[in-house]
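If you want the building blocks of each chain, they are given just below.
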Amino acid sequence: MTDDTRPDDGEEAVSDEEVDEVLQEIERKRSLSGWAAVVVALIGISFSVFQMWLAAKGFVLSLSVPGVGDVVFASLQLLQINAVHVSFGLILTFLLYPGSTGDGPLSRRCIALGSLVDEKLGEDHPVSRVVHAIGDALAWAILDRDMNRVAPSDFVFIVLSVLSAAYFITDFNEIQRMRALGLERGRPIQEVFTFLEPIAGLLGPLADTSYAFVLGVLGVLLVLEATRRAISLWLMVIVAAFVVYARFGVLIPQDAAYVGVLSIPELSWASIIQNLWYNTENGVFGIPVTVSVQFIYIFILFGAFLEMSGAGQWFIDLAYGATGTRKGGPAKASILASGFMGTISGSSIANTVTTGAFTIPLMKRSGYSPEFSGGVEASASSGGQILPPVMGAAAFLIVQYTATPFADVIVVATIPAIVFFFGVWVMVHFEAVKEDIGGLDPSELVNIRSHLRSGWFYLVPIVLLLYYLIIERLSVARSAWFTLIAIGALITLVAAYSDETRARLGAIFGVLFGVSFLSQFLAGAGVLAALAGGGTGSQPIMAAFSATVGDLGTLIILAGVLTLITRPRLDSPLLSFDSAVDDASETTSDAIGRPYLASNGLYNLGVFLGKSMESGARTAVPVVIAVAAAGIIPGVISVSGLGPNLVSLITAVAGGSLVLLLLVTAFSSIILGMGMPTTVTYIILVSLLAPALTEFGVPLLAAHLFILYFGVIADITPPVAVAAYAASGVAKSDAFQTGIEAFSLSLNKAIVPFAFIVTPGIILIRRAPTDSGYRIVGTADLLDLGYSIPEILIPVIGVFLGVVALAATVIGFAYATVSRGERAAFAFSSLLLMAPGLAVSGVYDLLGLVGIGGGEMTVLLDVVLRGVGLALFLFLMAKNRQRGGDPAGRSGTAEPA
């Protein structure tokens, strides 16, 4: 879709400046310029290069130098890698997020104190002058009212962050020794920094305190401060409360009612810090940060490369071309585009604003209300985090916590994700029929065939990712790395391709391929490795050919770069970078006094690479801080031995009722997740509640997916509803009402998790006599019709029909208006179609409260109840259609949903 198809008729598209304003209001990031922006860009690019190096080389950082061989810079351990990863996140946090803008409760009280002193003593009084001097000094050191400067206190925090990472690199042997002997046996600060020896007496208690302990305390405090800035004050308070509990939980009386199980053994501060800061099993550098290092960051980078290459707009145009002319087409296109971009970005807020800047004005112009338009965008964007194959960051956490292959997680997550988007699709269709909202004019949309021909290369990385993960079953990290190389190769190839350069490009590639093949055939290594004296000697032709094909991505990149060198003014007819790349190209070329470089293809390609890496780092910062902070909670649970006691407490509160436990988990996820990243909610609640769910016999994967779903719902649940609030900023609608609309549209996202808990076949899980008690459904299970029909096929059909009944309930319209009584009946049929086991279990629990024994939910009863729900649903739909008549005659189109 080109610029001339932007919304008009009084409904203008949202500008990039307005998008930035909405994002800044929500994320509260600084708008830096000058040297500060350059520093952020350099650090962000360095962060991405470090992560890409890890993906390519592993934990050995080396480089092949012709004539020298492999030069090893460092061979790092996991703890060191995690420490550097978090330190990068801390440094960027203190650069990007202000410590205070002067509008917080503490700042307001300080200002009020100064005014009170002036009122009591007068402005010229010595005490008043001292108070104002102190206030001015603090303001200079801390405040950033305009959110455009790095304060001096930020530099202090950055230096401390660098020191914490440096200690892991330079003194790792001491850290390993202290794991056995304790932090108390570490060197004091004057022995680490020998220049402090002459003034050791002035250091006070620090002279006798382990430097490792001091750094650990500072490190935890830095993570808490970064959490307050980048995530929320409430998460910082929750995490800090767990740290305090680890030290003082021993004071809880063991014989106290209910809370007595929370009593823990006494732990020293040294023991707590050692487990929270110098440990890869739990704590700051535990499993969540390990997942971020190995999986999450590289996929964030993958999304950033796609976005900066222009894929985002291409997919939006594709979605509109496919569905834009249908009834309610703009909303349906928004579902497709936002769902796809949401699964890559993993950020409900960012995706809502960036994609919504285009989709929301078109929905409003077509006839949807501003609140409904914002609700559709927020709902679909948040749903991207449950949509395979990427699923934001949570899928990788599930892989690590459950020790499940990534391909199995994709299989388990696919059906409920499709059900969710299908449910939202039906709701917007019913709303479109209700309000008689048509589609866009075909002249406003791209031609699908020509659009696919011009941008087919955007689909290749997605296909390759699925191929590596599912067919080749490579590790997540390797799959992401190969896909990242594929993106770089494709973008370079397309940037260098045109009618006049294609012959030259092909010739250069042919030469490079031939040279590489000869090197593999004669020396058994690539060209650089062979020149460095490496290689295994000559090898068979087919082996040499296979090895050369393995380097295809690198060869394509080299061929494209060499072609661009020979034709620097080439204007690619197929490639259209994101506007952020174009702006960066113009800004940097003007800054260095070479404005003509903005039209240089090779320079633009370099800017694209740098901008993608910087954007990836900026996007990753809150994720890195979130997983580092959230890792403290399972760390405390582990070091204190709280886990089993907590499971006992939760089980006792649930009173043996699975339904009650599921409701507690759902509400806890929603309440805790309000205003917090989904990853944080997931990590905390998996540590607290997942063991209790598995105690009830819930399959581990189902329990983790259940918690993830409700963590995602928190993004669009009032009163916080951060994604809906972001959408309202774009839609210029009432924020609370937009949240109501988003939550209503996502209601099936709240029911489907209950459905797959009571009927695991919906997510292709079968209970089996294995170590875990279940297994992923295979071909043999599908061919077992006695199992697959009643426990997979019928329940899956049931949930799809159930979301249609739910759509009629929420929208209040199908073929005609649905009365209140019919809404209740539709809701009941939806429950029976989707989760009859939940209704039966709830009834049994209620009967148990009055002393009447319940029964057991059987497969036969499940099928019968779904049949009752189906009969009720068909009756209601037939009655509604009869009353409404043929919708084609009323709306002018016979088009189905």
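Keep in mind that what you see is a predicted model, and the values were worked out from it rather than measured.

Scoring rules and cut-offs
Counting starts from 1 at the beginning of each chain's written sequence and moves along it residue by residue. This being a predicted model, a pLDDT of at least 70 is required before a residue's local features are given, and a value of 80 or more before pairs of side-chain atoms are given or counted; all residues contribute to the totals for chains, interfaces and linings. Side-chain metrics in this entry use all non-hydrogen atoms of the structure; hydrogen atoms and water are not considered. Only the stretch in contact is used when fitting a helix axis, every axis being a line fitted to C-alpha atoms; angles between N-to-C directions are given from 0 to 180 degrees. Every helix listed is a DSSP run of H or I at least four residues long, and every strand listed is a run of E at least two residues long, numbered separately from the N terminus. The labels follow the angle: roughly parallel below 35 degrees, roughly antiparallel above 145, roughly perpendicular from 65 to 115, and oblique for the rest. Left-handed describes a crossing whose near helix is turned anticlockwise from the far helix through less than a right angle; right-handed describes the clockwise counterpart. The criterion used for residue contact is that any of the two residues' heavy atoms lie within 4.5 Å. Just so you know the grouping, Ala, Val, Leu, Ile, Met, Phe, Trp, Tyr, Cys and Pro go in nonpolar, Asp, Glu, Lys and Arg go in charged, and all remaining residues, Gly too, go in polar. The criterion for an aromatic pair is that two Phe, Tyr or Trp rings (for Trp, the six-membered ring) have centres within 6.5 Å, with stacked assigned to planes under 30 degrees apart, edge-to-face to planes over 60 apart and tilted to the rest. To estimate how far a helix should extend, the number of its residues minus one is multiplied by 1.5 Å. Here the bend at each residue means the angle between axes fitted to two seven-residue stretches, the one ending at that residue and the one beginning there. Every patch collects residues that have over 30% relative accessible area and no salt bridge, joining them within 9 Å if they carry like charges and within 5 Å if they are nonpolar side chains (Val, Leu, Ile, Met, Phe, Trp, Tyr). Surface accessibility follows the Shrake-Rupley procedure with a 1.4 Å probe radius. Residue values consider only the protein chains on display as shielding. Salt bridges are defined by distance alone: a side-chain nitrogen of Lys or Arg within 4 Å of a carboxyl oxygen of Asp or Glu. Between buried and exposed lies partly exposed: a residue is buried under 20% and exposed over 50% of the maximum accessible area for its type, with that area taken using a 1.4 Å probe on protein chains only. The charge count treats Lys and Arg as positive and Asp and Glu as negative. His and the chain ends do not count. Note that the charge is assigned to NZ on lysines, CZ on arginines, CG on aspartates and CD on glutamates.

**Student:** Which parts of the structure should I look at to understand the packing of helix α26 (residues 579-591) against helix α27 (residues 601-630)?
**Tutor:** Helices that pack against each other are described as a pair by the angle of their axes relative to one another and the distance between those axes. Closest axis-to-axis distance for the α26/α27 pair is 9 Å, and the angle between their directions is 115 degrees. The orientation of α26 with respect to α27, classified from their angle, is roughly perpendicular. As for how α26 packs across α27, the hand of that crossing is right-handed. Across the interface between the two elements, A580, V581, A584, S585, T588 and S589 from α26 touch Y603, N604, V607, F608 and K611 from α27. In terms of residue class, the contact of α26 with α27 is made up of 6 nonpolar, 4 polar and 1 charged.

**Student:** How do you make sense of the packing of aromatic side chains when you look at a structure like this?
**Tutor:** Centre distance and the angle of the planes are the two values used to describe a pair of aromatic rings. Scanning the model with the defined rule gives 34 aromatic pairs in all. A centroid spacing of 6.3 Å and a plane angle of 10 degrees characterise the contact between F517 and F521, whose relative ring orientation is stacked. Here the residue F517 and the residue F521 both occupy positions in helix α22 (residues 502-523), the gap between them amounting to 4 residues, near one helical turn. Aromatic side chains Y709 and F756 sit 5.8 Å apart centroid to centroid with 75 degrees between the ring planes, which places their arrangement in the edge-to-face category. One end of the pair, Y709, is in helix α33 (residues 700-713); the other, F756, is in helix α36 (residues 747-758), with 47 residues separating them in the sequence.

**Student:** Please clarify how helix α38 (residues 785-811) should be interpreted in this entry.
**Tutor:** Structural remark: α-helix, 3.6 residues per turn; residues separated by three or four positions point the same way. With 27 residues, α38 should cover 39 Å at 1.5 Å per step; its first-to-last C-alpha distance of 37 Å lies within 8% of that length. Along α38, the sharpest change in direction is near 25 degrees and occurs at I794; proline P795 comes one to four residues later. Downstream of α38 by one or two residues, G812 has phi in the positive range, about 75 degrees.

**Student:** I would appreciate a short explanation of a nonpolar patch on the surface in the present structure.
**Tutor:** Together, V244, F248, V250, L251 and W269 make up an exposed nonpolar region whose accessible area comes to about 460 Å². In this fold, V250 is placed in the loop between α10 (233-248) and α11 (269-277). The class for V250 is partly exposed, based on a relative accessible area of 31%.

**Student:** Is there a simple way to think about unusual backbone geometry in this case?
**Tutor:** Excluding glycine, a negative phi dihedral is what most residues carry, and trans is how most peptide bonds are arranged. With phi around 55 degrees, M147 is a residue other than glycine that occupies positive phi space. Take M147: it is sitting in the loop between α5 (126-142) and α6 (152-170). With a relative accessible area of 11%, M147 lands in the buried category.

**Student:** Hey, could you run me through helix α12 (residues 287-308) in this one?
**Tutor:** Between its first and last C-alpha, α12 extends 30 Å over 22 residues, near the 32 Å set by a 1.5 Å rise per residue. Along its length, α12 reaches its greatest deviation from straightness, about 50 degrees, at V293. Burial within α12 is extensive, with 19 of its 22 residues counted as buried. Backbone geometry just after α12 places G310 at a positive phi near 100 degrees.

**Student:** What is the right way to read a negative patch on the surface from this model?
**Tutor:** Residues E17, D20, E21, E25, D582, D583, E586 and D590 make up a contiguous surface patch of negative charge. Contributing elements (two or more residues each) for the negative patch: α1 (16-27) and α26.

**Student:** Please clarify how the pattern of salt bridges should be interpreted in this entry.
**Tutor:** Side-chain pairing between opposite charges can occur once the charged atoms of the two side chains come close. Using the criterion set out here, one finds 18 salt bridges in the structure. Note that R567 and E500 form a salt bridge whose closest N and O atoms lie 2.6 Å from each other. Placement of R567 in the loop between α25 (552-566) and α26 and of E500 in the loop between α21 (476-496) and α22 is noted, with a sequence separation of 67 residues between them. Accessibility expressed as a relative area gives 24% for R567, which makes it partly exposed. Residue D862 pairs with R866 through a salt bridge whose shortest N-O separation is 2.7 Å.

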